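# Summary of the model geometry
The chain contents come next:
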Amino acid sequence: GDSPSTNARSTSVFDPCTDPFTTALIRKKVKSLISKPPFNRADQEDLYQELLATIVQCVEKIDDNVGHRNPYITAIVQRQVSAIRRRSKAVKRDH
């Protein structure tokens, strides 16, 4: 079968911009964000860039030898999505 030992060079620097897991995760989260007001398709690129930028800032702290990267990235994205939702509610304030 497919062995998990893909020849990942330990020297290679992780780049979230090209990482398939990261980009797919962000796209999924952005899609769910723009499916509800106040966001729409026009916000897609901005939201994507914001989530990506957040991960880029955080991955500098990732040690590849400790645990898996993906759960950490998922947590970062979840937290940022929550922050974006809270911020959008705060902006509306029509209660």
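Summarised in this report is the structure supplied together with it. (Residues numbered from 1 in each chain as written. Predicted model: local features only at pLDDT ≥ 70, side-chain atom pairs only at ≥ 80, totals over all residues. Heavy atoms only, no water.)

### Considerations on the packing of helix α1 (residues 20-34) against helix α2 (residues 44-59)
Heads up, the rule is: Working convention: axes come from line fits to C-alpha atoms, limited for helices to the stretch in contact. Angles between N-to-C directions cover 0 to 180 degrees. A run of DSSP states H or I qualifies as a helix once it reaches four residues; a run of E qualifies as a strand once it reaches two. Both are numbered from the N-terminal end. Should an angle fall under 35 degrees it is taken as roughly parallel, and over 145 as roughly antiparallel, whereas 65 to 115 is taken as roughly perpendicular and any remaining angle as oblique. We call a crossing left-handed when the near helix sits turned anticlockwise from the far one by less than a right angle, and right-handed when that turn is clockwise. In this description, contact between two residues means that some pair of their heavy atoms is separated by no more than 4.5 Å.
Viewed as axis vectors pointing N to C, α1 and α2 meet at an angle of 135°, and their least axial separation amounts to 9 Å. The pairing of α1 with α2 is recorded here as oblique in orientation. Between α1 and α2 lies a crossing of right-handed hand. The residues of α2 that touch α1, namely those facing T22, T23, I26, R27, K29, V30, L33 and I34, are Q44, L47, Y48, L51, L52 and I55.

### Quick word on the packing of aromatic side chains
We apply this condition: When two rings of Phe, Tyr or Trp (its six-membered ring) have centres within 6.5 Å they constitute a pair, described as stacked for plane angles under 30 degrees, edge-to-face for angles over 60, and tilted for the intermediate range. Here, a charge over a ring means that NZ of Lys or CZ of Arg falls within 6 Å of the ring centre while also lying within 35 degrees of the ring normal.
Applying the stated criterion across every chain yields a total of zero aromatic pairs. Positioned above the aromatic ring of F14 is the side chain of R69, whose terminal nitrogen or guanidinium carbon lies 3.9 Å from the ring centre.

### Let's talk about unusual backbone geometry
With the exception of glycine, most residues fall at negative phi, and the peptide bonds are largely trans. Here the bond from P37 into P38 is cis, since omega is 5°, no more than 30 degrees from zero. The residue P38 is located in the loop between α1 and α2 in this model.

### Looking at the pattern of salt bridges
Two side chains carrying opposite charge are able to pair once their charged atoms lie near each other. Heads up, the condition is: For this document, the term salt bridge refers to a Lys or Arg side-chain nitrogen within 4 Å of an Asp or Glu carboxyl oxygen. Think of it in three bands: residues with accessible area under 20% of the maximum for their type are buried, residues over 50% are exposed, and the middle band is partly exposed, with areas taken using a 1.4 Å probe on protein chains only.
Applying the stated criterion across every chain yields a total of one salt bridge. Linking R87 and E50 is a salt bridge whose minimum nitrogen-to-oxygen distance equals 3.0 Å. Remark: E50 occurs in helix α2 and R87 occurs in helix α3 (residues 69-92); sequence separation between them is 37 residues. Assessed through its relative accessible area of 41%, R87 is described here as partly exposed. By relative accessible area, which is 22% here, E50 ends up partly exposed.

### A word on the environment of P38
We classify P38 as partly exposed; its relative accessible area is 37%. C-alpha separation for the pair P38 and K89, spaced 51 residues apart in sequence, amounts to 8.4 Å.

### What to know about α1
We apply this condition: One fewer than the residue count of a helix, multiplied by 1.5 Å, yields its expected span. Arc, as used here, means the arc of the directions from the helix axis to the C-beta atoms.
End to end, α1 covers 21 Å across 15 residues, agreeing with the expected 21 Å (1.5 Å per residue, within 8%). For α1, the full list of buried residues reads T22, T23, L25, I26, K29, V30, L33 and I34. The buried residues of α1 occupy an angular sector of 160° when the element is viewed end-on, so they sit on one face. Across α1 from its buried face, at more than 90 degrees, point the exposed residues P20, K28 and K31.

### Side note on the environment of T23
This is how it is decided: N or O atoms closer than or at 3.5 Å make up a polar contact, with two conditions inside protein: a donor-capable atom paired with an acceptor-capable one, and, for residues adjacent in sequence, both atoms drawn from side chains.
Note on placement: T23 falls in helix α1. A relative accessible area of 9% places T23 in the buried class. Considering only alpha carbons, one finds T23 and L52, 29 residues apart in sequence, at a separation of 8.0 Å. Here the side chain of T23 touches D19 through a polar contact of 3.0 Å, landing on its backbone oxygen. Reaching out from T23, the side chain makes a polar contact with the backbone oxygen of P20 at a distance of 3.2 Å.

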